[in-house]
Amino acid sequence: MIEIFHTRVFGTSRHGGNSCPVVVDADRLTDVEMHALARKFGLDTAFILHPLAKGADFRIRYFVPDHEMGVSGHATIAAVTVARLGKIVEADRIQVETISGIFSVEAILHDGGLQVTLEQNPPIFGSTVAPDRVSNALNIPASEIAASTPIQAVSVSRAKLLVPLKESRVLNRLSPNLKALWELCDELQVTGLYPFARPTEKDFDAEARQFPLRAGFPEDAATGVAAAALGAYLVRYDRASQDGHYEFRIAQGYAMGSPSLIEAIADCAGGRIVRTAIRGSALIVRHEQVKRTPRAR
């Protein structure tokens, strides 16, 4: 039997956030089985395995319907929550192994649940892009893209193209040309577009949407690695990289009817961003056991 915990991550309500199945005791599953489960669910799916790296507490592999990913922020928070509440690991500070490296996590009991802080890498600011190259992919006039800060690829673990828009009204009406969007992602070597607006009509620092590269679904309700990249972007361009500790409230998922809140953290010292992280929680909404198919073994 395969044991699966279904979670919702970063939700502002029980029905908000990004859905993420978490499979425990996944060492006995083949790559084919893991991929098949992700296709079945149509979601980012996290698989908890024994670690291979020295010092890691456990290992996670991440599959979306179309491929395996190196790391996923919301899926890591989901897996850490399942592991911590299920006593797979009992420490508050955890080292999680992924194919993208080892990430430090803090999981603290808070208001009857777990508050999880996932460390990311210092940001890498990549190439900038002209508005007319992005407007075609997003199906909007180039004039709707804000000119005060650049369209830029930023990575804290996986590169995203951050696209500043003038208004949240434009953001919430986006209907991208996915073929053009994916071609642009391929060209720029990013794993998705993350258009965002500030200020926002809601009580957040920014509101965003995430359109991933050929994941098997067109949009994410909450994307931790993109929100962490946006936090670094806001420190660089809105705070002029002034030394200090910064926390930003990033809204996502509202256009999908899955309202989400991601806390993006960035520390700046000596005019450089030296730390990024995301903070949030996952709710376990149900648990199931499914049979393995004999031919998949």
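The text that follows walks through the structure, step by step, so that each part is easy to find.

Focus: the overall build of the protein chain
Piece 1. Across its full length, the protein chain carries six helices and 18 strands.
Piece 2. Relative to its length of 297 residues, the protein chain is compact, with a C-alpha radius of gyration of 18 Å against a globular reference of 19 Å.
Piece 3. Taking the principal axes of its C-alpha atoms as reference, the protein chain extends roughly 55 × 40 × 35 Å.
Piece 4. Of all 297 residues assigned to the protein chain, the portion counted as buried reaches 57%.

A closer look at the packing of aromatic side chains
Piece 1. Overall, the coordinates contain six aromatic pairs when judged by the stated rule.
Piece 2. With centroids separated by 6.0 Å and ring planes inclined at 55°, the aromatic side chains of Phe204 and Tyr254 adopt a geometry described as tilted. Placement of the pair is Phe204 in the loop between strand 12 (192-197) and strand 13 (206-208) and Tyr254 in the loop between strand 15 (244-252) and strand 16 (260-269), with a sequence separation of 50 residues.
Piece 3. For Phe204, a relative accessible area of 15% translates into the label buried.
Piece 4. Ring-pair connections join several aromatic residues into one group, and the members of that group are Phe125, Phe196, Tyr233 and Tyr237.
Piece 5. Taking NZ or CZ as reference, Arg236 lies 4.2 Å from the ring centre of Phe125, over its face.

Quick word on the pattern of salt bridges
Piece 1. Per the counting criterion, the structure on display carries 18 salt bridges.
Piece 2. In this structure, Glu119 and Arg275 form a salt bridge, with 2.7 Å as the shortest nitrogen-oxygen distance. With Glu119 in strand 8 (residues 113-120) and Arg275 in strand 17 (residues 272-280), this pair connects stretches of sequence that are 156 residues apart.
Piece 3. Judged by its relative accessible area of 23%, Arg275 is partly exposed.

Describing unusual backbone geometry
Piece 1. Here Asp25, not a glycine, exhibits a phi torsion of approximately 50°, which is positive.
Piece 2. Along the chain, the position of Asp25 falls in the loop between strand 2 (18-23) and helix 1 (31-41).
Piece 3. For Asp25, a relative accessible area of 44% corresponds to the partly exposed category.

A few points about the pairing of strand 17
Piece 1. Two elements, strand 8 and strand 17, share five bridges in a ladder whose sense is antiparallel. Counted as the bridge partner of Glu119 is Ala277 from strand 17.
Piece 2. Of the pairings in the sheet, the one linking strand 16 to strand 17 comprises seven bridges and is antiparallel in character. From the neighbouring strand, Ala264 faces strand 17, where its bridge partner is Ile278.
Piece 3. Counted between consecutive antiparallel strands, the loop separating strand 16 from strand 17 contains two residues, among which Gly270 sits at a positive phi close to 60°.

Description of a nonpolar patch on the surface
Piece 1. Where nonpolar side chains cluster on the molecular surface, the patch consists of Leu85, Leu109 and Ile284 and spans about 280 Å² of accessible area.
Piece 2. Take Leu85: it is sitting in helix 2 (residues 73-85).
Piece 3. Its relative accessible area of 46% is what places Leu85 among the partly exposed residues.

Calculation notes
- Every residue gets a number counted from 1 within its own chain, in the order that chain's sequence is written.
- Since the coordinates come from a predicted model, pLDDT governs what is reported: local features require at least 70, and pairs of side-chain atoms require 80 or more to be given and counted, while whole-chain, interface and lining totals use all residues.
- The side-chain values count all of the structure's non-hydrogen atoms but skip hydrogen atoms and water molecules.
- A run of H or I in DSSP becomes a helix once it reaches four residues, and a run of E becomes a strand once it reaches two; helices and strands are each numbered from the N terminus.
- All radius of gyration figures rest on C-alpha atoms, and the globule criterion is 2.2 Å times the number of residues raised to 0.38.
- Accessibility here uses a 1.4 Å probe with only protein chains present; expressed as a share of the type maximum, an area under 20% marks a residue as buried, one over 50% as exposed, and anything in between as partly exposed.
- Pairing of aromatic rings covers Phe, Tyr and the six-membered ring of Trp, with a centre-to-centre limit of 6.5 Å; geometry is then stacked below 30 degrees between planes, edge-to-face above 60, and tilted otherwise.
- Over a ring means this: the NZ of a Lys or the CZ of an Arg is within 6 Å of the ring centre and within 35 degrees of the ring normal.
- By convention in these notes, a salt bridge is any Lys or Arg side-chain nitrogen within 4 Å of a carboxyl oxygen on Asp or Glu.
- What makes two strands pair is DSSP finding at least two bridges between them.
- Patch membership is restricted to residues that have no salt bridge and whose relative accessible area is over 30%. Joining uses 9 Å for like charges and 5 Å for the nonpolar side chains Val, Leu, Ile, Met, Phe, Trp and Tyr.
- The protein chains shown are the only cover counted for residues, whose accessible areas, like all others here, come from Shrake-Rupley with a 1.4 Å probe.

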